[in-house]
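Residue-level structure breakdown
Residues per chain are reported as follows:
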Amino acid sequence: MSILVATNFSKLSDNAVLYAASLAKHLNTKLILFNAFRLPIHASNARVSATNVEVLMDKNREKLKETAQDLIQKFGIDVTYKTSFTSLDQEVDHLMKVHDCRFLVIGMSPKSIEQNLLGNPATALISMKRFPVLAIPIHAKFTALKKILFACDLLEDIPLKTLAKLRQIAVQLKSEVTVFYVEQELDQLRNVSNDSIDKGLKDVTLFYKNVKSNSVIDVLEKEITKSKAELLVMMPKKYGFWESIMHKSKTRVMASGLNIPLLSIPIE
């Protein structure tokens, strides 16, 4: 299995690439660099010829090649690269399947009003709910990831297949996982069984924490700071067309400006 990381050569994506390379080394897996090539606006307006487009593509490939060689030298890992003249979401979906990638790594933009309203590439890919996405803030540096905060809804069954993806990472990294649950009616938790999570995260050091609050996002952000978590894991649900219009995904909101990496694992 491999790790796919998207880059557009910005400072945000450069940091995500370094994070992905460190993680690939830690997990002893292959890293694939990907760039979705887009023509510069001035070039699009000028209707650049096919030959000139190929020249620009070659320059892109050369940048990726240099980055790959640099990562191989610095981290001692297997790195390949790919660029294509296509949209990010279309090609990423294809590459994730072809290379059986564990997850896609992408930079997470800083929080802003625009991000909350319009989203960003990370939130767009998370919204696809087709594969795990690891969103990296610009100032995040790779650590051993010994503390993982798993925000979930214990009242709903999570498939073992989905939990297995978190378990694999936690076991390999020897991380402890805190299952964090926020509910408006805390009394509901008294009759809830944790058996499915205990089974799905077998061999992982688990802690459970329940909080009563009407503001899930605020409480979650405070818990990240309080627990000194190094990675937040969320599992977004799939919604129908009308539900998606009415529902504001907590995972999508958290992917707009966290100060620690967010791993989104879609429920299968």
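Bear in mind that the values here come from a model prediction, so they are computed numbers and not experimental data. (Residues numbered from 1 in each chain as written. Predicted model: local features only at pLDDT ≥ 70, side-chain atom pairs only at ≥ 80, totals over all residues. Heavy atoms only, no water.)

**Description of the pattern of salt bridges**
Defined as follows: Any carboxyl oxygen of Asp or Glu within 4 Å of a side-chain nitrogen of Lys or Arg constitutes a salt bridge here. Counting from the N terminus, the helices are DSSP H or I runs at least four residues long and the strands are E runs at least two residues long. Remark: exposure states derive from per-residue accessible area (1.4 Å probe, protein chains only) relative to the maximum for the residue type, with buried under 20%, exposed over 50%, and partly exposed in between.
A full pass over the atoms with the stated rule returns 6 salt bridges. Between Lys74 and Asp70 there is a salt bridge, and its shortest N-O distance comes to 3.3 Å. Remark: Asp70 and Lys74 occur in helix 3 (residues 50–75); sequence separation between them is 4 residues, near one turn of the helix. On the basis of relative accessibility, which here comes to 55%, the residue Lys74 falls in the exposed class. Asp70 sits in the partly exposed class, given a relative accessible area of 32%. Salt-bridge contacts for Asp93 lead to Arg130; the nearest nitrogen and oxygen are separated by 3.1 Å.

**Comments concerning the sheet that holds strand 1 (residues 2–6)**
Selection criterion: The pairing criterion is simple: DSSP has to find at least two bridges between the two strands. To define axes, lines are fitted to C-alpha atoms, for helices over the stretch in contact only, and angles between the resulting N-to-C directions are given on a 0 to 180 degree scale. Any two residues having at least one pair of non-hydrogen atoms within 4.5 Å are treated as being in contact.
Pairing in this open sheet of 10 strands is mixed, and the strands run 3-2-1-4-5-10-9-6-7-8 from one edge to the other. Edge positions in the sheet fall to strand 3 (79–84) and strand 8 (205–212), since each has one partner strand and no second. Neighbour-to-neighbour, the strand axes of the sheet open up by a mean angle of 25°, direction not taken into account. Summarising the sheet, strand 9 (residues 231–234) and strand 10 (residues 262–264) pair through 3 bridges and their orientation is parallel. In the strand pairing of strand 10, Leu232 is matched with Leu262. Those strands touched by helix 4 (residues 88–98) are strand 1, strand 2 (30–36), strand 3 and strand 4 (101–108), and its axis lies near 150° from that of strand 4. The sheet contacts of helix 6 (residues 121–128) involve strand 4, strand 5 (133–137) and strand 10, and relative to strand 4 the element is tilted by about 150°.

**Side note on the packing of aromatic side chains**
Given two aromatic rings, their pairing is described by the distance between the two centres and the angle made by the two planes. Here is the rule we go by: Each Phe, Tyr or Trp ring, with Trp reduced to its six-membered ring, pairs with another whose centre is within 6.5 Å; inter-plane angles below 30 degrees give stacked pairs, above 60 give edge-to-face pairs, and intermediate values give tilted ones. Only when the NZ of Lys or the CZ of Arg is both within 6 Å of the ring centre and within 35 degrees of the ring normal is a charge said to sit over the ring.
One pass over the structure, following the stated rule, counts 1 aromatic pair. Each ring, one from Tyr19 and one from Phe142, has its centre 5.4 Å from the other, and the planes form 80°; the classification is edge-to-face. You can see Tyr19 sitting in helix 1 (residues 11–27) and its partner Phe142 sitting in the loop between strand 5 and strand 6 (147–151), a full 123 residues away along the chain. Residue Tyr19 is classed as buried on the basis of its relative accessible area of 3%. The aromatic ring of Phe9 is capped on one face by Lys63, whose charged end is 5.0 Å from the ring centroid.

**Focus on the environment of Arg61**
To keep it simple, the criterion reads: For the purposes of these results, a polar contact is taken to be a pair of N or O atoms within 3.5 Å, where, inside protein, one atom must be able to donate a hydrogen and its partner to accept one; residues adjacent in sequence count only when each atom of the pair is a side-chain atom.
Mapped onto the fold, Arg61 is located in helix 3. When the C-alpha positions of Arg61 and Asn35 are compared, they lie 8.8 Å apart, and in sequence the two are 26 residues distant. Residue contacts for Arg61: discarding those within four places in its chain leaves Glu54, Tyr81 and Thr83. At a separation of 2.6 Å, a polar atom in the side chain of Arg61 contacts the side chain of Asp58.

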